Amino acid sequence: MPIEIIEPGLGSTIQDLGRPGYYRYGIPPGGAVDLYSARAANLLVGNDEGAALIESPYLGPKLRATEDTVIAVTGAQMELQVNGAGAPSWEAVPLSAGDVVSFGFLTAGARIYIAVAGGIDVPEVLGSRSTYAIGSFGGFEGRALLAGDVLPTGSGGARPGRSVPEDLRPSFSRSIEVRVVMGLYDYRLSEAGLRAFLDEEWTLSPVADRMGFRYSGPTLEWIEREQPFGAGSDPSNIVDAGYPVGSIQVPGGLEPIILHRDAVSGGGYAMVATVISADMDLVGQSSPGARTRFRAVSLDDALAARRERDDLVDALRAALS
Amino acid sequence: MAEHQVQSPLPGIFYRRPAPDQPAFVEEGDAVTADQTIGLVEVMKQFSEVKAGASGTLVSFTAENEGLLGPGDVIATIETD
C-alpha cells in the first residue's frame, strides 16, 4: 500500500482509459480527460498504458510513498516537488519510502496525471477502474480522493530514468482552435447563429468539469418554429435524443457546453456540432479563461486527424518501449 | 514589517463575501490571523476558502470581487506582525 494522500487537491480522482460500451445504458465512458498524458505517465513507469492513475485538475495533491516506488507526472505544467525539491515531469522519478510528493502552481494546461509503478489497484467496475463520481462507483470508493486515503498499488513496472522526448510532449496555449463536425442539429441555428458559433471567440468558464466544458460568448440565434410534441418550449430544445461524447449543446442559445468523458448520455438540447475525437485531450487541458474557436471540418478530416493522433500514440509507445 | 502576499492556488472566480447578502469576510485595514478565511475561489462548481496564510494587517486586495483569477495570482497583501 505505497501511496498515502496527505492533501487531495481539488477533485482528484482515479482514472484509466475508461469504460466504453455502456453509454447506451446511461453510463458514460469516463477515464482520463487527457488520454494521451495518462498513457504517457503509465508507459513511463513501465505500466500497461491502461493502468489506473491519479488525475488532478488545477491543484496538485500532496502524497507520501510508504514503500520504494517509481512515479511519473504528465499533463499540465505544474512543478513536481519531491521532499520540497524540484523534480522533472514527463520522466520516471524514483521515490524512497517516506518521500513526500507535492506540486507548485499550475502554469499551463489544466490537469496533471500521476502514475505509480504497478498502477493504482482499485477494483474494476464494468471493466474499468475509472471513478464516476456522479454515479458513486469506480475508482477509490466511487469518489474524489480525500486526505488520509491510502491507495493500494499493484506490482510490476518500476523503471526509473526514462523520459518522454520533447517533441512528443503536448504544448498548452491559452488560445486554442478546436475542430468540430457540424450537426446533428446545426440546421436549427439561424444563419447568424451559425456564423457567430464558428466566427466568434469563446471563453472557457470556471464551471468546466469532467462532465462538461461551458463557454461564454455571444448569444446564438435559433430559427423560430412551433416546437414538436415532446420538446421543451425554448428553440434550443429538441425531442430527447442521445448525446455523443464531445457534442456541443447550447441551452437557451447561451453558453455552449462541450460534453466530456463523464457526460450524461441524452437529453433535450440541440447539439450543433461535435468535437472530433483527436481534439478531446486539447479541450480537456484548457482552463478557465482559455480563448477557444470552433472550426468546422468534414468527417473525412476528422477520421484523418484520428489516424494522426493514433500515429502520435504509436510514436509515444515506441519511444518508451 | 514584512509583507506576505496571498496567492490563489486555483483558477476561478474570486469572491470576497460568503454569500451575496452577507458582509465581506474581511475589509482592507482589518487585522487577520493566518488561518482566517479572506475569500472564496469558485471552480468546477466548488467553492474553496482562501486563507490569509500569515497574521497581521490585510492592507490591500489586488483581486477584484467576482473577477477571474489564475493560479498564483496575488489576491491580497498582508503586513505581517
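Residues numbered from 1 in each chain as written. Chains lettered and ligands numbered in written order. Predicted model: local features only at pLDDT ≥ 70, side-chain atom pairs only at ≥ 80, totals over all residues. Heavy atoms only, no water.

Colleague: Can you tell me about helix α4 (residues 299-319) of chain A, naming the residues and giving the values?
Modeller: Residues and elements named next belong to chain A. Taking 1.5 Å per residue, 21 residues should reach 30 Å; α4 reaches 30 Å between its end C-alpha atoms and fits that length. What α4 keeps buried is the set A302, A305, V313 and L316. Seen from one end, α4 has its buried residues packed into an arc of 85°, which puts them on one side. For α4, the exposed residues lying more than 90 degrees away from the buried face are D300, R307, E308, D311 and A318. The inward-facing, buried residues of α4 abut α1 (35-44) and β10 (175-182). (Helix = DSSP H or I, 4+ residues; strand = E, 2+ residues; numbered from the N terminus. Expected span 1.5 Å × (residues − 1). Buried < 20%, exposed > 50% of the residue type's maximum accessible area, 1.4 Å probe, protein only. Arc of directions from axis to C-beta. Contact = heavy atoms within 4.5 Å.)

Colleague: So what's going on with the sheet that holds strand β4 (residues 37-43) of chain B? Which residues, and what values?
Modeller: Residues and elements named next belong to chain B. The four strands are arranged β5-β4-β2-β7 in an open sheet whose pairing can be described as antiparallel. Whereas interior strands pair on both sides, the edge strands pair on one side only; in this sheet they are β5 (46-51) and β7 (68-69). Note: strand β2 (residues 12-15) against β7, two bridges, orientation antiparallel. Each bridged residue has a counterpart across the sheet, and for G12 the counterpart in β7 is L69. (Pairing = 2+ DSSP bridges.)

Colleague: Could you give an account of the pattern of salt bridges, naming the residues involved and the relevant values?
Modeller: Note that side chains of opposite charge can pair when their charged atoms are close. Residue and element names in this part refer to chain A. Applying the stated criterion across every chain yields a total of 19 salt bridges over all chains. A salt bridge links R129 to E124; the shortest N-O distance between them is 3.5 Å. The partly exposed category is assigned to R129, whose relative accessible area is 22%. Owing to a relative accessible area of 49%, E124 belongs among the partly exposed residues under this scheme. Where R143 meets D149, a salt bridge forms, and the shortest distance between an N and an O atom there is 2.8 Å. When its relative accessible area of 23% is taken as the criterion, R143 is described as partly exposed. Judged by its relative accessible area of 7%, D149 falls in the buried class. When salt bridges with common partners are traced through the structure, they connect R39, E49, D314 and R317 into a single cluster. (Salt bridge = Lys/Arg side-chain N within 4 Å of Asp/Glu carboxyl O.)

Colleague: Explain the domain arrangement of chain A to me, and be specific about the residues and the numbers.
Modeller: All names here are of chain A. Domain annotation of chain A identifies domain 1 (3-168) and domain 2 (175-312). Inter-centroid distance (C-alpha atoms) of domain 1 to domain 2 is 28 Å. With 27 residues of domain 1 at the interface, the matching set in domain 2 holds 23 residues. Approximately 1900 Å² of surface area, both sides summed, lies buried where domain 1 meets domain 2, with 50% of it carried by carbon and sulfur atoms. On the domain 1 side of the contact with domain 2, Y23, V33 and Y36 bury the most area, a combined 33% of that side's loss. Taken together, domain 1 and domain 2 are joined by one salt bridge. A salt bridge links R210 to E55, with the nearest nitrogen and oxygen atoms 2.7 Å apart. The tally of links from domain 1 across to domain 2 stands at 13 residue pairs in polar contact (both at pLDDT 80 or more). (Domains from an automatic or database assignment. Buried area = accessible area lost by both parts, 1.4 Å probe. Polar contact = N/O pair within 3.5 Å; in protein donor to acceptor, adjacent residues only side chain to side chain.)

Colleague: Which residues make up the pairing of strand β18 (residues 291-296) of chain A, and what are the values?
Modeller: Residue and element names in this part refer to chain A. Relative to β18, β10 is paired through six bridges, and the arrangement is parallel. Paired with I176 across the bridge in β18 is T292. Inspection of the sheet shows strand β11 (residues 202-204) paired to β18 by two bridges, in the antiparallel sense. Residue pairing in the sheet places W202 in a bridge with T292 of β18.

Colleague: Account for α1(A), with residues named and values stated.
Modeller: Residues and elements named next belong to chain A. When you tally the buried positions in α1, you get 10 out of 10 residues, the bulk of the element. Along α1, the residues classified as buried are L35, Y36, S37, A38, R39, A40, A41, N42, L43 and L44. Lining the buried residues of α1 we find β3 (53-57), β5 (69-82), β7 (92-95), β8 (100-116), α3 (280-284) and α4. The distance from a side-chain oxygen at the start of α1 to the backbone nitrogen of Y36 is 3.2 Å, and the residue carrying that oxygen is D34. One or two steps after α1, the chain reaches G46, where phi turns positive at roughly 90°.

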